[in-house]
Amino acid sequence: MVLPHLPALPAPPSWFPGHMMKFTRQLPALLKRTNVVLEIRDARLPLTSINRTLEGALKKWRLERGWDPNNPGRRFIAVEACEHIVVLNKRDLVPEWGLEPFRKAMEKKFPYQQLVLASCARQKDIRNLSEMLVKIAKGYPHAMELNVLVLGMPNVGKSTLLNALRNMGIKGRTPKAFQTSANPGMTQTLSTRLKLSLDPLVYAYDSPGVMLPFLGRGAEGAERGVKLALIAGIKEGLYDMRALAAYLLYRLNVLNPISPAYLRLLPPGVPPTNDLEEFLTLLAQRMAMVKRGGVMDLSRAAVYFVRWWRGEVGSSATTPTDQSLPSTETQAWGFDFQWDLRPQDIPADQRDYALIIQEKMERCIEDYVAMTDREEAEENNVSETQIKKKTVQEEKERRRLKNISKR
């Protein structure tokens, strides 16, 4: 099969409801009574699911609690707990071979963040995270309690993870504390405190998922929006399902061009394809999606394809067959990491291979940080509406100061 090409992507929509803006403004005050921030990200989009709009408040919070601005791993004053833990949720939806190289690459780039790999379906992961919070609380025996704030983008699994932590930390049967949904925006207000442990006392707040106010311009912004829509992080209906299906087909072919995961949906013996119309026609035939007149219902097939990948219908898109190390020249892990590695450069020892993968991931992380810094410097992460509002505010302030000077 010929290597796939990135399909044409639609311009990203703006989806930043009022409850997201309200929480963003409340965050600095909330952090004053917070000891641990659990930032939840999606393992399939470990970089795209980083919310840059929250980083300023988190950085200020750390500095106020005594962390060294020049050495993020050193703390001058440690009167109370102040920890930023990044939870890479849904780890079971990405190949196992990339988890450890990714963890090491992130620790090297962001040494002040503790990275935890977790899945709500794995009791061991939930137990490890619960024990980590209890250990932090026991490190400050004079504190009455430990307060945890859970935040992240929409639909990364915040409420589900908190329900699992409560079930793990409180003995006996516990009712489901938070409602969960496959659609983004279920949680729209800061929750009441949820008890996660009795001894020591650990409480947690669930927060609304916060999307980026503007997803960006150009190809970077368009791809960022499609990725977030694929994990149902953006309100349903803002994207055409065919556009999502086209990008998903492209990504699955990049991840495994020899035997992509979608082949199990198609008739036996069908080879991989880059053609969306051909793929949707084969899928509609296999699933008996036929409109009146015997015409294949390609729109319905596109919806099914996307929801199958999300795990909403049929069997999971990730199986043990997807866990083998890549052997092709173009390699990828999740939807955020892609690199080239010539077959002759692939070592026989898996330990050496893991080190090479870690180095490739480190380069991808550096490229991502450089891209976001460039977007911020060029204001490509700010919409025209935001620029106009800023201009109006600056003009009002200029006139106010002018009137004051005349008095």
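Quick caveat: nothing in here was measured; it's all calculated off a predicted structure.

Let's talk about the packing of helix 7 (residues 241-255) against helix 8 (residues 276-286)
Point 1. The N-to-C vectors of helix 7 and helix 8 enclose an angle of 100 degrees; their axes lie 10 Å apart at closest approach. Taken together, the axes of helix 7 and helix 8 lie roughly perpendicular to each other. Listed contacts from helix 8 to Arg242, Ala245, Ala246 and Leu249 of helix 7 are Leu276, Glu277, Phe279 and Leu280.
Point 2. Its residues placed into classes, the contact of helix 7 with helix 8 shows 6 nonpolar, no polar and 2 charged.

Focus: helix 5 (residues 158-169)
Point 1. The terminal C-alpha atoms of helix 5, which comprises 12 residues, lie 16 Å apart, in line with the 16 Å expected from a rise of 1.5 Å per residue.
Point 2. When we look at burial in helix 5, the residues that qualify are Lys158, Ser159, Leu161, Leu162, Asn163, Ala164, Leu165 and Arg166.
Point 3. Residues of helix 5 that are buried in the fold lie against strand 1 (36-42), strand 2 (83-89), helix 4 (123-138), strand 4 (146-152), strand 5 (194-197) and strand 6 (202-206).

Observations regarding the packing of aromatic side chains
Point 1. Counted according to the given criterion, the structure contains 11 aromatic pairs.
Point 2. Here the aromatic rings of Phe102 and Phe337 are separated by 5.6 Å at their centres, their planes lie at 80 degrees, and the arrangement is edge-to-face. Of this pair, Phe102 sits in helix 3 (residues 99-109) while Phe337 sits in strand 8 (residues 337-340), and the two are 235 residues apart along the sequence. The exposure classification of Phe102 matches that of Phe337, with both residues buried.
Point 3. When the centroid spacing of 6.5 Å and the interplanar angle of 90 degrees are considered together, the rings of Phe110 and Tyr112 count as edge-to-face.
Point 4. Since its relative accessible area comes to 17%, Phe110 is described here as buried.
Point 5. On the basis of relative accessible area, Tyr112 is assigned to the partly exposed category, the value being 28%.

A short note on the pattern of salt bridges
Point 1. One pass over the full model with this rule turns up 21 salt bridges.
Point 2. With its nearest N and O atoms 2.8 Å apart, the salt bridge here joins Glu96 to Arg91.
Point 3. The class for Glu96 is partly exposed, based on a relative accessible area of 43%.
Point 4. Using a relative accessible area of 10% as the deciding quantity, one classes Arg91 as buried.

Considerations on helix 6 (residues 218-230)
Point 1. When the terminal C-alpha atoms of helix 6 are compared, their 19 Å separation across 13 residues agrees well with the 18 Å that a helix rising 1.5 Å per residue should span.
Point 2. Burial runs high along helix 6: 10 of the 13 residues are buried.
Point 3. Regarding helix 6, the residues found buried are Gly221, Ala222, Glu223, Arg224, Gly225, Val226, Lys227, Leu228, Ala229 and Leu230.
Point 4. Phi turns positive one or two residues past the end of helix 6, at Ala232, with a value near 65 degrees.

Focus: the nonpolar core
Point 1. Core analysis: the largest hydrophobic core is formed by 86 residues, its most contacted members being Leu38, Val148, Leu165, Leu230 and Phe305.
Point 2. The element best represented in this core is helix 7, accounting for 10 residues.
Point 3. Beyond its immediate chain neighbours, meaning those up to four positions away, Leu38 contacts Ile85, Val87, Leu129, Leu133, Val148, Leu149, Val150, Leu151 and Leu165.
Point 4. Core analysis: the next-biggest nonpolar cluster, separate from the first, contains 26 residues, Val94, Leu341, Met361 and Ile365 among them.

Let's talk about the pairing of strand 1
Point 1. Strand 1 sits mainly inside the fold: 7 of its 7 residues count as buried.
Point 2. A two-sided burial pattern is seen for strand 1, the buried positions comprising Val36, Leu38, Ile40 and Asp42 on one face and Val37, Glu39 and Arg41 on the other.
Point 3. Across 7 bridges, strand 1 lies against strand 2 in parallel orientation. Looking at strand 2, one finds that Leu38 is bridged to Ile85.
Point 4. Between the parallel elements strand 1 and strand 2, the chain passes through helix 2 (residues 55-64) in a crossover that is right-handed.
Point 5. The pairing of strand 1 with strand 4 spans 5 bridges and is classified as parallel. The residue bridging Val37 from the neighbouring strand is Leu149, located in strand 4.

Some thoughts on a nonpolar patch on the surface
Point 1. A contiguous nonpolar surface patch, about 350 Å² in accessible area, is contributed by Phe76, Ile77 and Val79.
Point 2. Position of Val79 among the secondary structure elements: in the loop between helix 2 and strand 2.

Observations regarding the confidence of the model for the chain
Point 1. When the pLDDT values of the chain are averaged, the result is 86; 90% of them are 70 or greater.
Point 2. Here helix 11 (residues 384-406) stands out as the element of the chain with the lowest mean pLDDT, 78, in contrast to helix 8, whose mean of 95 is the highest.

Structural notes on the sheet that holds strand 4
Point 1. Across the sheet, which stays open at both edges, the 6 strands sit in the order 3-2-1-4-6-5 with mixed pairing between neighbours. The open sheet is flanked by strand 3 (114-117) and strand 5, the only strands paired with a single partner. The average undirected angle you get between the axes of adjacent strands in this sheet is 30 degrees.
Point 2. Contacting strand 1, strand 2 and strand 3, helix 3 crosses the sheet at an angle of about 165 degrees to strand 3.

Rules of the game
Residues numbered from 1 in each chain as written. Predicted model: local features only at pLDDT ≥ 70, side-chain atom pairs only at ≥ 80, totals over all residues. Heavy atoms only, no water. Axes fitted to C-alpha atoms, helices over the stretch in contact; angles between N-to-C directions. Helix = DSSP H or I, 4+ residues; strand = E, 2+ residues; numbered from the N terminus. Parallel < 35°, antiparallel > 145°, perpendicular 65-115°, else oblique. Contact = heavy atoms within 4.5 Å. Nonpolar A, V, L, I, M, F, W, Y, C, P; charged D, E, K, R; others polar. Expected span 1.5 Å × (residues − 1). Buried < 20%, exposed > 50% of the residue type's maximum accessible area, 1.4 Å probe, protein only. Phe/Tyr/Trp six-rings, centres within 6.5 Å; stacked < 30°, edge-to-face > 60°. Salt bridge = Lys/Arg side-chain N within 4 Å of Asp/Glu carboxyl O. Core = buried A, V, L, I, M, F, W, Y, C linked by side-chain atoms within 4.5 Å. Pairing = 2+ DSSP bridges. Right-handed = clockwise from strand over helix to strand, strands pointing away. Patch = residues over 30% accessible without salt bridge, like charges linked within 9 Å, V, L, I, M, F, W, Y side chains within 5 Å. Areas by Shrake-Rupley, 256 points an atom, 1.4 Å probe, with all protein chains shown as cover. pLDDT = per-residue confidence, 0-100.

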